[in-house]
Protein chains: 2
Amino acid sequence: MTAEIICVGTELLLGDILNTNARFLARRLAALGFDVLHQQVVGDNPARLEAAVRQAMERSDLLVFSGGLGPTADDLTKETVARCFGDEMRYEPAVMESIRAFFASTGRTTPANNEKQAMVPAKGGWFENPNGTAPAVWFEARGRRAVLLPGPPGELEPLWKSAVEPFLQKGQRRVLKSLVLGLCGIGESHAEELLGHLFRNENPTAAVYAKPAELTIRITAAAPDEAQALAACRDYAQNFYRLAGQYIYGEGEQGLEQALVEALAQKGLTLATAESCTGGLVSQRITAVPGASEVFGFGFVTYANEAKQKLLGVGVDTLAKHGAVSPQVAAAMAAGAARAAGADVAVALTGIAGPGGGTPEKPVGLVWLGAARGDQVFVKRLDIGRRDRATIRRAASSNALDAARRLVLGLPIPGALRAQDIPE
Amino acid sequence: MTAEIICVGTELLLGDILNTNARFLARRLAALGFDVLHQQVVGDNPARLEAAVRQAMERSDLLVFSGGLGPTADDLTKETVARCFGDEMRYEPAVMESIRAFFASTGRTTPANNEKQAMVPAKGGWFENPNGTAPAVWFEARGRRAVLLPGPPGELEPLWKSAVEPFLQKGQRRVLKSLVLGLCGIGESHAEELLGHLFRNENPTAAVYAKPAELTIRITAAAPDEAQALAACRDYAQNFYRLAGQYIYGEGEQGLEQALVEALAQKGLTLATAESCTGGLVSQRITAVPGASEVFGFGFVTYANEAKQKLLGVGVDTLAKHGAVSPQVAAAMAAGAARAAGADVAVALTGIAGPGGGTPEKPVGLVWLGAARGDQVFVKRLDIGRRDRATIRRAASSNALDAARRLVLGLPIPGALRAQDIPE
């Protein structure tokens, strides 16, 4: 079954708002087993909207609309789709009651133009909106279905989960479930070499997505029920664990920061950070995880050399001899952060985030990572390359989170050297 | 002139990533005076992509593509659009050189399949990508134009600003110029009350965009040449300065962080940060500005009470008596950060970012801001409200950046109290 997402609203065409509904609907439709082959955005213009609906009816089994269900005259989605599906709108007193109750709960009286929102399909149906005034409605004709949802995500998402999804799943013989793997330390092209054959499978399917210094693999299986689909995902995931297990940091949509916080909590260890080029990005990512305070107490943003000396005890000589961007300084920063914070583990970053400041010996994108646990101190050279400042910082921070996680779990840090092996 | 945005990528159809490119391109095209009437998303499927291109050529003057310029076999955007525009691809050694240099900067050799990215239009043209390997390319036929950009936002956005925008503006009879005002400290509904009439103007137009604790106003004027358009923007901006001047922190797309760094540099002052609930977000935003090292050397992420004591000298009694989220602690953190860093100015944040940890007296969304300059210490209560953790942290960080900027420039901080007026 194919599906098409049609988002209605001039504010999307003008770029005034980000289209988070398209992403939400795309994910949920994929999880239900629909092939979403097209997404469209059209404005509040009846002729262009009608053309979009008629085209979508030619090529897609299910049409999902968001937006254009408001009370004002330019909200025309319902009327336009009704015409295309050969349906008509009728006044539904039960919806009007619900709208009046909604306004009463906010201490307001119902504006007259809200009667428009109480119109529902004569042949199709509707779902009550617990978080707003516009009900969701559906139409059906010639084996095609359309579902129309209100635009605000706070209304669309609960309506989708509670009403539309059960409606669409009724009578389906197959369900889809996904399992997500998070990887760090392996590049996209290396992953393609190592795992490429696993991405060309029918059921389960597997797909890879790249972020700076991170990869996500989504495995999706179709089966008669949820338990069987999930079991098939788990089985298939074993292939990835076998070939690339050392790069997999966790399952689910959790992200590296959460995997690290969980590893620390599980081992009962605490972490400190020392950041130069990332300027607080690592600590910011860690503290974005609710509950991070159990394992993280101290972060040092040592942007200036003076701060590296004063807060972390990095030697003046070390800085003078090797420069701030050096393995010696990265090691001293990590060891110093652990000591100053009284933390079990510490990670440090010092590098050239650009756009200026690069030299032939130390180009933009060169970052040294330090990682300390007790007496063990490691350093790793990151060559992130000639990218924009934000990407370099993001990639460096991901490497630091992964290195910390590895130290916590007693895993090797690929490509790292022991600090004692670097010349003083 | 009409424009259409076509985003290519199966990951968008699956909802794996949020389509931020569509929003960026929509805004920039609107600012250039294009009417964007359609947006489309299609997967990496040549037949469906070709159908989308042919349809767009029927109804739009300019086609802007993002994505599908990668080195792998399923990246087919260039080839497909070339066919529709009656053009062909040719190998361009200069692009290959730049790709090799890019890989060399990351310490890797260039994979063979990257030769595909060195193919450029025979009749159309190309723009070098300073942040990646895929150049932007353009095609032209029968009065229609297509511009193809690489998908990663860190590559697409700089390419658009530096190369595509000047290219599209060449030869236009009417040029559009925009002037962006950044505001902090005024809410969206208050702005609508105060400034609403200014957003209903024909030329220049003005539009407002809301971010947590920040507003952006974009003024766009059409005129025969750039100088006249910019003068019209400047004139119109005076209305905003007259009515809301105290909230305007700067002009351009620079953001609060850049306005702060510039103010510090202009006054020859240095800044330190002390962060609890934001965990490094403030220092991360400051150091995202190239050149921040001139004015920022020390950041303290004091997530634990022990860190507040040890690094900032916050008194054990103060913490015990008032709790970490209190004006007394915010004031002590700011004063302590300035002292420990030897900085002229310091800002501090301590609050409840949620989702847990709220109480009736100290609910989620309550944040205390401290700001110190010499002997002057101020505190401000922020009631950010029951929002998600990321929004609370972002809004708190924006308030801190703005308070620091005001202290640096000798401006009052609206709603702030002097620390000496709070009970001990």
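Refer to the preceding data block for the structure.
Source: prediction; values computed, not measured.

Peer 1: How do you make sense of the overall build of chain A when you look at a structure like this?
Peer 2: Per the secondary structure count, chain A includes 14 helices and 18 strands. Seen along its three principal axes, the alpha-carbon backbone of chain A occupies a region of about 80 × 50 × 40 Å. Of the contacts made within chain A by residues no fewer than 6 positions apart, 67% connect residues no fewer than 24 positions apart.

Peer 1: Please clarify how the side chain of His 38 of chain B should be interpreted in this entry.
Peer 2: Of note, His 38 of chain B is situated in strand β2 (residues 35-42). Discounting residues that sit within four places of it in the chain, His 38 of chain B has contacts with Leu 13, Val 41, Val 42 and Arg 48 of chain A together with Ala 3, Glu 4, Ile 5 and Arg 59 of chain B.

Peer 1: What should I look at first to understand the sheet that holds strand β9 (residues 175-184) of chain A in this one?
Peer 2: One key point about sheets: their strands pair by backbone hydrogen bonds, in either a parallel or an antiparallel sense. Residue and element names in this part refer to chain A. Within the open sheet, the four strands sit side by side as β10-β11-β9-β12. Their pairing is antiparallel. Looking at the sheet topology across the chains shown, the edges are occupied by β10 (205-211) and β12 (248-251). Direction aside, neighbouring strands of the sheet carry axes that sit 25° apart on average. With 10 bridges joining them, β9 and strand β11 (residues 214-223) adopt antiparallel strand pairing. The residue of β11 that forms the bridge with Leu 179 is Ile 219.

Peer 1: Before we go on, may I ask you to explain the packing of helix α9 (residues 255-267) of chain B against helix α14 (residues 389-409) of chain B in this structure?
Peer 2: When two helices pack together, you describe them by how their axes are tilted relative to each other and by the distance separating the axes. Residue and element names in this part refer to chain B. It is the contact of α9 with α14, at a shortest axis distance of 9 Å, that shows an interaxial angle of 20°. In terms of their interaxial angle, α9 and α14 are classed as roughly parallel. In this structure, the crossing between α9 and α14 has a hand that is left-handed. Together, Leu 256, Glu 257, Ala 259, Leu 260, Ala 263, Leu 264 and Lys 267 of α9 and Ser 398, Leu 401, Asp 402, Ala 404, Arg 405, Val 408 and Leu 409 of α14 make up the contact between the two elements.

Peer 1: Looking at this structure, I do not really get the packing of aromatic side chains. What am I missing?
Peer 2: Under the definition given, this model contains 15 aromatic pairs over all chains. Taken together through their ring pairs, the aromatic side chains of Phe 127, Trp 138 and Phe 167 of chain A make up a single cluster.

Peer 1: Would you mind showing me how to read the pairing of strand β16 (residues 366-373) of chain A here?
Peer 2: Put simply, side chains in a regular strand alternate between the two faces of the sheet. Residue and element names in this part refer to chain A. Among the eight residues that make up β16, seven are buried, leaving the element largely enclosed by the rest of the structure. Relative to β16, strand β15 (residues 345-351) is paired through seven bridges, and the arrangement is antiparallel. From the neighbouring strand, Ala 348 faces β16, where its bridge partner is Gly 370. Turn length for the β16-strand β17 (residues 376-383) hairpin, with the two strands adjacent in sequence and antiparallel, is two residues, and the turn residue Gly 374 shows positive phi of about 60°.

Peer 1: Can you help me understand the environment of Pro 71 of chain B in this one?
Peer 2: Residue and element names in this part refer to chain B. Mapped onto the elements of the fold, Pro 71 is located in the loop between β3 (62-66) and α4 (77-84). Separated by 46 residues in the primary sequence, Pro 71 and Gln 117 place their C-alpha atoms 5.8 Å from one another. Once you skip the residues sitting within four places of it in the chain, Pro 71 turns out to touch Asn 113, Asn 114, Lys 116 and Gln 117.

Peer 1: When you look at the interface of chain A and chain B in this model, what are you seeing that I'm missing?
Peer 2: Interfaces are frequently sized by the accessible area removed from exposure as the parts join. With 61 residues of chain A at the interface, the matching set in chain B holds 66 residues. In this assembly, chain A packs against chain B so that about 5,200 Å² is buried in total across both faces, 54% of it on carbon and sulfur atoms. There are one salt bridge connecting chain A and chain B. As a salt-bridge pair, Asp 16 of chain B and Arg 218 of chain A come within 3.0 Å of each other at their nearest N and O atoms. Its residues assigned to classes, the side of chain A that touches chain B shows 29 nonpolar, 19 polar and 13 charged. Sheet topology places strand β2 (residues 35-42) of chain A next to β2 of chain B; five bridges connect them, and they run antiparallel. Across the sheet, the residue bridging to Gln 39 of chain A is Val 41 of chain B, located in β2 of chain B.

Peer 1: Can you walk me through the pattern of salt bridges in this structure?
Peer 2: Side chains that differ in sign of charge can pair as their charged atoms come close. All chains considered together, the criterion is met by 37 salt bridges over all chains. The shortest N-O distance in the salt bridge between Asp 383 of chain A and Arg 381 of chain A comes to 3.0 Å. With a relative accessible area of 40%, Arg 381 of chain A lands in the partly exposed category. Between Arg 100 of chain B and Glu 97 of chain B there is a salt bridge; the shortest N-O distance is 3.2 Å. You can see Arg 100 of chain B and its partner Glu 97 of chain B sitting in helix α5 (residues 93-105), three residues apart, about one turn around the helix. With relative accessibility at 47%, the residue Glu 97 of chain B sits in the partly exposed group. Salt bridges linked by common partners bring Glu 50, Arg 54 and Arg 83 of chain A together as one network.

Peer 1: Where do I start with α4 of chain B in this structure?
Peer 2: It helps to recall that an α-helix has 3.6 residues per turn; residues three or four apart then point in one direction. Residues and elements named next belong to chain B. Counting buried positions along α4 gives six out of eight residues, so the element sits mostly inside the fold. Regarding α4, the residues found buried are Thr 77, Lys 78, Thr 80, Val 81, Ala 82 and Cys 84. Trailing α4 by a residue or two, Gly 86 shows a phi angle of about 65°, which is positive.

Peer 1: Would you explain the side chain of Thr 350 of chain A in this entry?
Peer 2: Checked against the element boundaries, Thr 350 of chain A lands in strand β15. Looking at Thr 350 of chain A, its side chain comes within polar contact range of the main-chain oxygen of Ala 324 of chain A, at 2.8 Å.

Peer 1: What is the right way to read helix α11 (residues 305-312) of chain B from this model?
Peer 2: Burial in α11 of chain B covers these residues: Ala 307, Lys 308, Leu 311 and Leu 312 of chain B. All buried residues of α11 of chain B fall inside an arc of 105° around its axis, so they share one side. Those residues of α11 of chain B that are buried are in contact with β14 (296-302) of chain A together with β13 (271-275), β14 (296-302), α12 (316-322), α13 (327-341) and β15 (345-351) of chain B. At the C-terminal side of α11 of chain B, Gly 313 of chain B shows a positive phi close to 70°.

Peer 1: Looking at this model, I keep getting lost on the sheet that holds strand β11 (residues 214-223) of chain B. Mind explaining?
Peer 2: Residues and elements named next belong to chain B. If you trace the four strands from one edge of the open sheet to the other, you get β10-β11-β9-β12, paired in antiparallel fashion. In this open sheet, the two edge strands, each paired with only one partner strand, are β10 (205-211) and β12 (248-251). The sheet shows a mean angle of 25° between the axes of neighbouring strands, taken without regard to direction. Examined bridge by bridge, strand β9 (residues 175-184) and β12 share three bridges and lie antiparallel to one another. The partner of Leu 181 across the bridge, within β12, is Glu 251.

Peer 1: Looking at this model, I keep getting lost on unusual backbone geometry. Mind explaining?
Peer 2: Trans is the prevailing form of peptide bonds, just as negative phi is the prevailing case for residues other than glycine. Residue and element names in this part refer to chain A. The omega angle of the peptide bond from Gly 354 to Pro 355 is 0°, so this bond is cis rather than trans. Looking at where Pro 355 falls in the secondary structure, it is placed in the loop between β15 and β16. One non-glycine residue, Arg 142, lies in positive phi territory at about 45°. As for its position among the elements, Arg 142 is in the loop between β7 (136-141) and β8 (144-149).

Peer 1: Help me understand the state of the cysteines in this model?
Peer 2: As used in these notes, a disulfide is a covalent bond between sulfur atoms, one from each of two cysteines. Counted under the stated rule, the structure contains zero disulfides over all chains. Lacking any disulfide linkage, Cys 7 of chain A is separated from the closest cysteine sulfur, that of Cys 7 of chain B, by 12 Å. Residue Cys 7 of chain A is classed as buried on the basis of its relative accessible area of 1%.

Peer 1: Please clarify how the packing of helix α2 (residues 20-31) of chain A against helix α6 (residues 153-169) of chain A should be interpreted in this entry.
Peer 2: Residues and elements named next belong to chain A. Packing of α2 against α6 leaves a shortest axis separation of 10 Å and a crossing angle of 15°. As the angle between them shows, α2 and α6 are arranged roughly parallel. Taken as a pair, α2 and α6 cross one another with a handedness that is right-handed. From α2, Thr 20, Asn 21, Phe 24, Leu 25, Arg 28 and Leu 29 reach across to α6, where they touch Pro 153, Leu 156, Glu 157, Trp 160, Lys 161 and Glu 165.

Criteria and thresholds
- Every chain's residues receive numbers from 1 upward, in the order its sequence appears when written.
- Just so you know, chain letters begin at A and ligand numbers begin at 1, following the order they were written in.
- Per-residue local features are limited, in this predicted model, to residues with pLDDT of at least 70; the limit for side-chain atom pairs, both in listing and counting, is 80 or more; totals at the level of whole chains, interfaces and linings are taken over all residues.
- Hydrogens are left out, water is left out, and the side-chain values use all remaining heavy atoms of the structure.
- Every helix listed is a DSSP run of H or I at least four residues long, and every strand listed is a run of E at least two residues long, numbered separately from the N terminus.
- When checking whether two residues touch, look at their non-hydrogen atoms; a contact exists if any pair is within 4.5 Å.
- Two strands are counted as paired when DSSP detects at least two bridges linking them.
- To define axes, lines are fitted to C-alpha atoms, for helices over the stretch in contact only, and angles between the resulting N-to-C directions are given on a 0 to 180 degree scale.
- The scheme is simple: roughly parallel for angles under 35 degrees, roughly antiparallel for over 145, roughly perpendicular for 65 to 115, oblique for anything else.
- Rotating anticlockwise by less than a right angle from the far helix to the near helix defines a left-handed crossing, while the corresponding clockwise rotation defines a right-handed one.
- Only Phe, Tyr and Trp rings take part, Trp by its six-membered ring, and two of them pair if their centres are within 6.5 Å. Stacked means planes under 30 degrees apart, edge-to-face means over 60, and tilted covers everything else.
- Each residue is assigned to one of three classes by its accessible area relative to the maximum for its type, calculated with a 1.4 Å probe on protein chains only: buried under 20%, partly exposed between the two thresholds, exposed over 50%.
- Here's the idea: put two parts together, see how much 1.4 Å probe accessible area each one loses, and the total over both is what we call buried area.
- Definition used for salt bridges: Asp or Glu carboxyl oxygen within 4 Å of a side-chain nitrogen of Lys or Arg.
- Three classes are used, and their members are as follows: Ala, Val, Leu, Ile, Met, Phe, Trp, Tyr, Cys and Pro are nonpolar, Asp, Glu, Lys and Arg are charged, and the others, Gly among them, are polar.
- As used in this structure description, the phrase polar contact means that two N or O atoms lie within 3.5 Å; if the pair is within protein, one of them must be able to donate a hydrogen and the other to accept it, and residues adjacent in sequence are counted only when both atoms belong to side chains.
- Note: the arc covers the axis-to-C-beta directions of the helix.
- By disulfide we mean two sulfur atoms from cysteines, separated by a distance within 2.5 Å.

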